[in-house]
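# Results of the structural survey
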Amino acid sequence: MKKTLFFFLLIYTFCHAQKKQCIDKNIKIEYLSDIDKLIKSKYICDASFETFGKDRLEKCKVLFCDKNYKVSSDQYKTRIFVDKKLKLNFAIVCIIPDFKIRKETPNSLYLLDDRLMPIYSISKSGEKNYHVFKYEYVNGNLITKKAIDKESQNINIDQLTYKKILSLVSKIKGKFTFKTEKESFDDYFYDVPLWTEGYR
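Summarised in this report is the structure supplied together with it. (Residues numbered from 1 in each chain as written. Predicted model: local features only at pLDDT ≥ 70, side-chain atom pairs only at ≥ 80, totals over all residues. Heavy atoms only, no water.)

## Observations concerning the overall build of the protein chain
Quick note on the threshold: Strands here mean DSSP runs of E at least two residues long; helices mean DSSP runs of H or I at least four residues long; both are numbered from the N terminus. Residue burial is assigned from relative accessible area. The probe radius is 1.4 Å, only protein chains are included, and a residue is buried under 20% of its type maximum, exposed over 50%, and partly exposed in between. Between two residues, a contact is recorded if the distance between any of their heavy atoms is within 4.5 Å. Shrake-Rupley sampling with a 1.4 Å probe provides the accessible areas, and residues are treated as covered by the protein chains on show and by no other component.
Assigned secondary structure in the protein chain consists of three helices and nine strands. Taking all 200 residues of the protein chain together, 42% fall into the buried category. For the protein chain, restricting intrachain contacts to residue pairs at least 6 apart in sequence, the fraction spanning at least 24 positions comes to 48%. Accessible surface, the protein chain as shown: approximately 12,300 Å² in total, 53% of it carbon and sulfur.

What follows is the structure, encoded as structure tokens:
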């Protein structure tokens, strides 16, 4: 029993030490496409990924992790990008699963809470054009609100620098005006992240 406990503590200490040794790979993010630079470096100091008991997150795998950023993928069409310094979580959803930037199919961007549930997005979400949406979870239902500000319409996130995206996130949180949509999503998405809706 003592040997088993010692062995367990040794493994825990080693794994905990490994997480603390995350270094800064000094890879700069100017555009979201620069996430490829992170992935190509193949540096992973912490491969852990919290699924929060959601089946849709079980296939997610960490592709990069250093002191500043963590990148995971659902191995199909979504990359989860964590900015550790700013404590921001994003889901970048590509309609076509090769993540190449195309003018006619810009990526969608979801701002996530700590449980990877969307709280805001820049997406079509049933619309013809891209808009900014806000998501609220009330009594088992996902309530969708759309920003009515002129600046919130037809945003192509692929053309924005990361600094501009962060500035936009600040405006979305504090300055944009939202109007509740008449139609709402299925109550299934009250517990399952909306950005997984096309996940197979």
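Continuing now.
## Quick word on the layout of surface pockets
Selection rule: In this analysis, the protein atoms alone were mapped onto a 1 Å grid. Cavities are point sets where a 1.4 Å probe fits without being able to get out; pockets are open sets with protein on both sides within 12 Å along at least five of seven lines; lining residues have an atom within 4 Å of a point. Grid points are joined across faces, edges and corners, and a volume is the space filled by probe spheres set on the points. Just so you know the grouping, Ala, Val, Leu, Ile, Met, Phe, Trp, Tyr, Cys and Pro go in nonpolar, Asp, Glu, Lys and Arg go in charged, and all remaining residues, Gly too, go in polar.
Empty space within the largest pocket amounts to approximately 300 Å³. Those elements that place two or more of their residues in the lining of the largest pocket are β2 (69-73) and β3 (78-83). The residue makeup of the lining of the largest pocket, split by class, is six nonpolar, three polar and six charged.

## Thoughts on empty space enclosed by the protein
Enumeration over the complete set of coordinates arrives at one cavity of 30 Å³ or more. For the largest cavity, the calculated volume is near 60 Å³. As for the largest cavity, its lining consists of F90, L109, Y110, L111, Y120, S121, I122, V169 and I172. Those elements giving two or more residues to the lining of the largest cavity turn out to be β5 (108-112), β6 (118-123) and α3 (162-174).

## Regarding the environment of K84
Keep this limit in mind: Pairing of N or O atoms within 3.5 Å defines a polar contact, subject to two protein rules: one partner must be a possible hydrogen donor and the other a possible acceptor, and residues neighboring in sequence count only if both atoms are side-chain atoms.
Position of K84 relative to the elements: it lies in the loop between β3 and β4 (88-93). Relative accessible area serves as the criterion here: at 31%, K84 is assigned to the partly exposed category. Counting along the chain gives 19 residues from K84 to C65, while the straight-line C-alpha distance between them is 9.8 Å. Apart from the residues lying within four places of it in its own chain, the contact partners of K84 are C22, C65, D66, K67, N68, Y69 and K70. A polar side-chain atom of K84 sits 2.6 Å from the main-chain carbonyl oxygen of D66.

## Points about the environment of Y76
Here Y76 shows up in the loop between β2 and β3. Considering only alpha carbons, one finds Y76 and C60, 16 residues apart in sequence, at a separation of 9.3 Å.

## Focus on the sheet that holds β5
Selection rule: A strand pair is defined by DSSP finding two or more bridges across the two strands. To get an axis, fit a line to the C-alpha atoms, keeping to the stretch in contact for a helix; angles then go from 0 to 180 degrees between the N-to-C directions.
If you trace the nine strands from one edge of the open sheet to the other, you get β1-β2-β3-β4-β5-β6-β7-β8-β9, paired in antiparallel fashion. For this open sheet the edge positions go to β1 (61-65) and β9 (178-180), each flanked by a neighbour on one side alone. If you compare each strand with its neighbour and ignore which way they point, the axes differ by 25° on average. Two elements, β1 and β2, share four bridges in a ladder whose sense is antiparallel. Directly across from C65, in β2, lies its bridge partner K70. Docked against the sheet, α3 engages β3, β4, β5, β6, β7 (131-138) and β9, running at close to 110° with respect to β4.

## Here we look at α3
Which entries qualify depends on this criterion: Any helix carries an expected span of 1.5 Å times its number of residues minus one. Each C-beta atom gives one direction from the helix axis, and the arc is the one those directions make.
Taking 1.5 Å per residue as the helical rise, α3 with its 13 residues ought to reach 18 Å, and the 19 Å between its terminal C-alpha atoms agrees with that figure. All of the buried residues along α3 are Y162, I165, L168, V169 and I172. Projected down its long axis, α3 shows its buried positions confined to an angular sector of 110°, all on one face. In α3, the exposed positions that point more than 90 degrees away from the buried face belong to K163, K164 and G174. Where the residues of α3 are buried, they touch β3, β4, β5, β6, β7 and β9.

As far as function goes, none of this settles anything; it's purely spatial.
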